[in-house]
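Okay, here's what each chain looks like letter by letter:
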Amino acid sequence: MIEKKQILDILQSYDQKKISIATVCSHSSLQIFDGARKEGFRTIGICVGEPPRFYDAFPKAKPDEYIIVDSYQQIPDIADKLREKNAIIVPHGSFVEYMGSDKFTDLAVPTFGNRNVLNWESDRDKEREWLEGAGIHMPRKIEDPRDINGPVMVKYHGARGGRGFFVAKSYEEFERYIEPHQKYTIQEFIIGTRYYLHYFYSPLRNEGYSLSEGTLEMLSMDRRVESNADEIFRLGSPKELTEAGIQPTYVVTGNVPLIARESLLPLVFSIGEKVVEQSIKMFGGMIGPFCLETVFTDKLEIKVFEISARIVAGTNIYMSGSPYSDLIEENLSTGRRIAQEIKLGQRLNQLDRIIS
Amino acid sequence: MIEKKQILDILQSYDQKKISIATVCSHSSLQIFDGARKEGFRTIGICVGEPPRFYDAFPKAKPDEYIIVDSYQQIPDIADKLREKNAIIVPHGSFVEYMGSDKFTDLAVPTFGNRNVLNWESDRDKEREWLEGAGIHMPRKIEDPRDINGPVMVKYHGARGGRGFFVAKSYEEFERYIEPHQKYTIQEFIIGTRYYLHYFYSPLRNEGYSLSEGTLEMLSMDRRVESNADEIFRLGSPKELTEAGIQPTYVVTGNVPLIARESLLPLVFSIGEKVVEQSIKMFGGMIGPFCLETVFTDKLEIKVFEISARIVAGTNIYMSGSPYSDLIEENLSTGRRIAQEIKLGQRLNQLDRIIS
Amino acid sequence: MIEKKQILDILQSYDQKKISIATVCSHSSLQIFDGARKEGFRTIGICVGEPPRFYDAFPKAKPDEYIIVDSYQQIPDIADKLREKNAIIVPHGSFVEYMGSDKFTDLAVPTFGNRNVLNWESDRDKEREWLEGAGIHMPRKIEDPRDINGPVMVKYHGARGGRGFFVAKSYEEFERYIEPHQKYTIQEFIIGTRYYLHYFYSPLRNEGYSLSEGTLEMLSMDRRVESNADEIFRLGSPKELTEAGIQPTYVVTGNVPLIARESLLPLVFSIGEKVVEQSIKMFGGMIGPFCLETVFTDKLEIKVFEISARIVAGTNIYMSGSPYSDLIEENLSTGRRIAQEIKLGQRLNQLDRIIS
């Protein structure tokens with residue numbers, strides 16, 4: 001992990017009036033570039049080989065320039081170039097996944113957010129320590145697969161877009177589907193409806209929903225579209241399909257918009273608040289966007305099964321605002337909110353507090 | 001039920017240039033406050049204990065002031081205060097549920113809409129009399145559970161957010177799940193896709209889709225997200241789950257947006273029209289927003305299984321307009337439409353026609 | 001099929017400064033009229049009997065005038081009138097279906113798009129020749145129902161809104177459900193999640209995602225709401241229901257919004273591009289909006305099961321823009337995009353290239 005001091009020295013060398021915003025050309029880059037441009041920043045797209053042609057179809061989100069690498073693992077080689085352009089990196093899930101988390105945490109370019117969070121988020125045990133330490137209700141963890149006595153979800157470690165996850169109702173089913181040589185976690189399967197809650201924690205703002213330091217916003221929510229789990233019921237029940245040799249899968253292909261009952265908003269904010277406060281205590285705090293992946297049960301409880309400590313792709317639905325962010329200001333995407341935070345850091349001369 | 005005359009006397013005492021809009025801080029209050037402010041009204045949030053902190057995160061929807069009560073049943077005690085502030089109450093489902101319908105209908109504060117409608121809507125027999133009297137197709141009612149000979153939905157009386165509702169396919173299943181000492185209704189289970197249609201009836205406007213008096217609008221539609229019924233298929237079929245002791249439940253946790261085939265709009269308007277016309281005949285008419293809870297069958301018929309005669313939470317998706325309301329004017333939520341109607345009442349000096 | 005020369009002669013006779021846009025009052029007409037008006041065109045609604053009253057509720061989308069016919073088959077009788085008004089017809093699925101494709105292709109009124117496409121799209125064999133010729137992955141076709149050895153979807157020829165389609169897993173099931181005397185196609189049932197991708201091909205623009213000629217845009221996506229297939233799982237699995245005599249059906253009642261993973265956009269554009277390029281080779285090219293009806297599998301492949309070579313009703317969700325079109329310009333519906341293309345044709349004096 002690169003030292004904060006080193007990053008601050010780089011920042012010191014920047015022309016802070018000419019900050020540009022850089023990210024990898026995938027995941028939520030359209031939104032990041034569009035938002036950055038709306039706030040007046042120059043944008044840099046990092047890509048492998050040729051720049052993706054699809055940006056040509058979306059002129060508002062096309063980066064001002066591209067930096068091309070042979071592979072995402074080679075991003076460290078362009079650190080110089082990025083620094084020359086006074087770049088702040090906005091990381092997203094694919095950025096970290098493609099580059100590898102070790103290379104990402106070592107990268108000598110100022111990066112929006114706190115890179116320390118990766119240690120807590122990528123290991124499911126530490127993630128649980130963080131969230132349960134915050135008083136969040138999570139699905140029960142089953143340590144020994146022989147203890148499975150009701151529906152469970154089995155997940156592999158690391159971001160794999162849901163590939164290979166499976167539901168089992170007994171040890172026998174577990175044994176049948178588990179891939180060898182993979183680290184996995186077994187969680188109680190929570191019966192309810194899934195909500196992916198998109199928050200934003202600003203350490204710099206002091207108007208709004210106040211925390212011990214800074215403020216919390218909730219910008220939008222989505223539900224992931226999972227292939228083939230979402231539509232497989234058209235063919236048969238999980239049991240019938242399993243008998244026919246067809247396995248439900250949980251690969252994210254996209255997202256649909258949704259909102260929650262207003263009477264659940266106090267709880268939604270309360271769990272977001274606890275997670276941020278705990279992160280401040282444990283590792284100096286998450287910064288910027290994060291997502292709690294939850295199930296709302298029929299008792300109107302919210303169970304959190306995972307956290308993503310950066311912008312998630314579900315925010316892409318809300319390129320021009322959501323029913324929630326519209327109550328903050330018009331045309332506010334999460335990508336734009338990130339750019340606003342960087343701009344606020346510039347204005348307050350506190351960029352050092354929101355990068356690492 | 002408070003006399004209309006008494007309400008009109010109160011209205012007479014108001015400074016009608018300084019009307020404020022008040023509601024309980026839940027359900028659709030963000031939208032009601034945001035809409036009221038956009039139309040230039042002062043807003044009052046009624047809450048128990050401390051004002052909810054989540055409003056701080058949504059500055060456009062934060063009420064201008066709060067009136068705090070010990071419990072919602074004590075709202076009658078603040079009637080004086082509300083009248084002093086020239087308040088018109090905008091009721092929503094939680095307002096009525098939390099306060100109790102007797103206290104609500106007695107409340108000596110001018111209230112948007114016709115409070116008489118509660119008598120017709122909260123009793124499922126009278127609701128059926130109203131809707132079938134209007135020529136609307138409803139799911140068949142089964143009087144005697146012994147007559148169940150196909151899928152039925154069993155619902156308890158009163159607004160409970162879907163809690164405890166269940167599907168039964170036989171008398172045996174009915175017997176197994178029914179809660180003792182609860183009034184219930186048994187309806188034929190209509191197979192199709194659910195649409196919640198958000199209408200607005202204006203007795204004051206005379207341009208648009210004209211009724212015998214006033215005009216009808218259709219502002220948006222949603223589908224409710226029900227926990228755990230919506231995602232339980234990932235675990236098993238209803239039969240398999242019932243055998244495993246897992247009961248599907250129908251608790252509303254939120255809403256997703258949707259639209260209908262354009263070729264169904266004539267029917268959508270026609271059923272809305274019939275319901276309004278019948279309400280005018282039966283009890284002087286609903287006023288303002290109402291929702292028909294429907295199923296669209298594969299024969300492209302619309303079956304109405306319930307009516308809500310005020311703003312429903314599904315409209316919260318459309319804080320800044322819907323695909324339909326965008327064809328009326330930009331940025332038109334149902335909350336804002338209510339505020340527009342009150343403003344029109346002021347301008348025409350006909351507030352008396354839209355309050356009770 | 002009317003000769004292109006004849007259409008060009010009619011166009012020659014038009015006052016090209018006073019073009020009006022006409023369509024049948026159904027399907028996506030609200031969006032077409034709203035978009036046309038936003039671009040400054042006069043609008044004409046063609047309807048049977050009385051003009052539909054629902055337009056009165058949507059003032060921005062109400063056509064400037066109506067032309068009334070006794071039946072849609074009689075549209076040829078009003079060709080004179082349409083030509084007098086310098087009308088360009090914007091066809092949609094119901095336009096073609098109601099009028100009949102023979103009458104539609106013979107109609108002596110300039111029509112947006114290339115009417116030749118109908119030959120390729122309405123016959124499932126020629127459709128497959130087109131799409132597979134373009135290198136698109138389609139569900140495997142089963143020629144002989146006796147060869148069914150896994151889940152298949154059986155579809156009837158012609159646009160019928162999904163009515164009568166059924167899933168079968170064996171020859172026995174096929175035999176049980178097939179309607180006599182109907183042309184049908186048997187396709188492999190692709191397990192995944194459905195995405196309906198809304199493209200726009202402009203032969204006139206030269207900035208953007210460039211093809212051999214013109215540019216490709218992707219304006220939005222939706223998922224169709226199918227009755228009763230989408231919610232029937234609440235009653236039982238397909239097998240359980242079939243045994244109870246309840247048949248899943250696939251009648252489209254509406255649409256929900258959704259978006260795709262950004263990492264799939266290169267593939268989304270690539271398949272759109274191939275389909276357009278192949279159409280140019282085969283019959284001079286589709287023009288304007290088209291929709292690929294797809295399934296995204298859990299291997300993140302996109303299988304195309306059908307094409308609609310004109311505006312589809314799923315675009316109605318995006319009356320005021322989509323997460324994608326917002327990155328092109330604000331408030332851009334597909335209806336409006338069509339009007340922009342006609343306007344561009346006027347300005348470049350190349351209307352002849354986008355009508356037939």
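We now turn to the structure provided with this report. Predicted, not measured: the structure shown is a model, and the values here were computed from it.

Thresholds applied
- Residues numbered from 1 in each chain as written.
- Chains lettered and ligands numbered in written order.
- Predicted model: local features only at pLDDT ≥ 70, side-chain atom pairs only at ≥ 80, totals over all residues.
- Heavy atoms only, no water.
- Contact = heavy atoms within 4.5 Å.
- Buried area = accessible area lost by both parts, 1.4 Å probe.
- Salt bridge = Lys/Arg side-chain N within 4 Å of Asp/Glu carboxyl O.
- Polar contact = N/O pair within 3.5 Å; in protein donor to acceptor, adjacent residues only side chain to side chain.
- Helix = DSSP H or I, 4+ residues; strand = E, 2+ residues; numbered from the N terminus.
- Pairing = 2+ DSSP bridges.
- Axes fitted to C-alpha atoms, helices over the stretch in contact; angles between N-to-C directions.
- Buried < 20%, exposed > 50% of the residue type's maximum accessible area, 1.4 Å probe, protein only.
- Lys, Arg positive; Asp, Glu negative; His and termini not counted.

Right, let's talk about the interface of chain B and chain C for a bit. Tallying the contact residues gives 49 residues for chain B and 47 residues for chain C. Taken over both partners, the interface formed by chain B and chain C buries close to 3900 Å², and the fraction arising from carbon and sulfur atoms is 59%. For the chain B face of the interface with chain C, the top three residues by lost area are Glu262, Asp298 and Leu327 of chain B, together amounting to 21%. Taken together, the connections running from chain B to chain C amount to five salt bridges. As a salt-bridge pair, glutamate 231 of chain C and arginine 223 of chain B come within 3.7 Å of each other at their nearest N and O atoms. Linking chain B with chain C are 20 residue pairs in polar contact (both at pLDDT 80 or more), by the criterion used here. For the side of chain B that touches chain C, the secondary-structure elements that each account for two or more residues are β8 (193-202), β9 (209-210), β10 (215-228), α9 (238-243), β11 (250-257), β12 (259-260) and α10 (265-283) of chain B. Inspection of the sheet shows β12 of chain B paired to strand β11 (residues 250-257) of chain C by two bridges, in the antiparallel sense. Bridge pairing in β11 of chain C links isoleucine 259 of chain B to asparagine 255 of chain C.

On to the sheet that holds strand β5 (residues 152-156) of chain A. Residues and elements named next belong to chain A. The three strands are arranged β6-β5-β7 in an open sheet whose pairing can be described as antiparallel. A single partner strand is all that each edge strand has here, and the edge strands are β6 (166-168) and β7 (184-188). Across the sheet, the mean angle separating the axes of adjacent strands is 30° when strand polarity is ignored.

All names here are of chain B. Mapped onto the fold, arginine 115 is located in the loop between α5 (101-106) and α6 (117-121). Although arginine 115 lies buried, it forms no salt bridge, and the closest oppositely charged side chain, aspartate 106, sits 7.3 Å away as judged by the N-O distance. Here arginine 115 is in contact with Met1, Ile2, Ile7, Phe104, Thr105, Asp106, Leu107, Val109 and Ser356, once residues within four sequence places are set aside.

All names here are of chain B. Strand order across the open sheet formed by three strands is β6-β5-β7, with antiparallel pairing between neighbours. A strand with exactly one partner marks an edge of an open sheet, and here the two such strands are β6 (166-168) and β7 (184-188). The sheet shows a mean angle of 30° between the axes of neighbouring strands, direction not considered.

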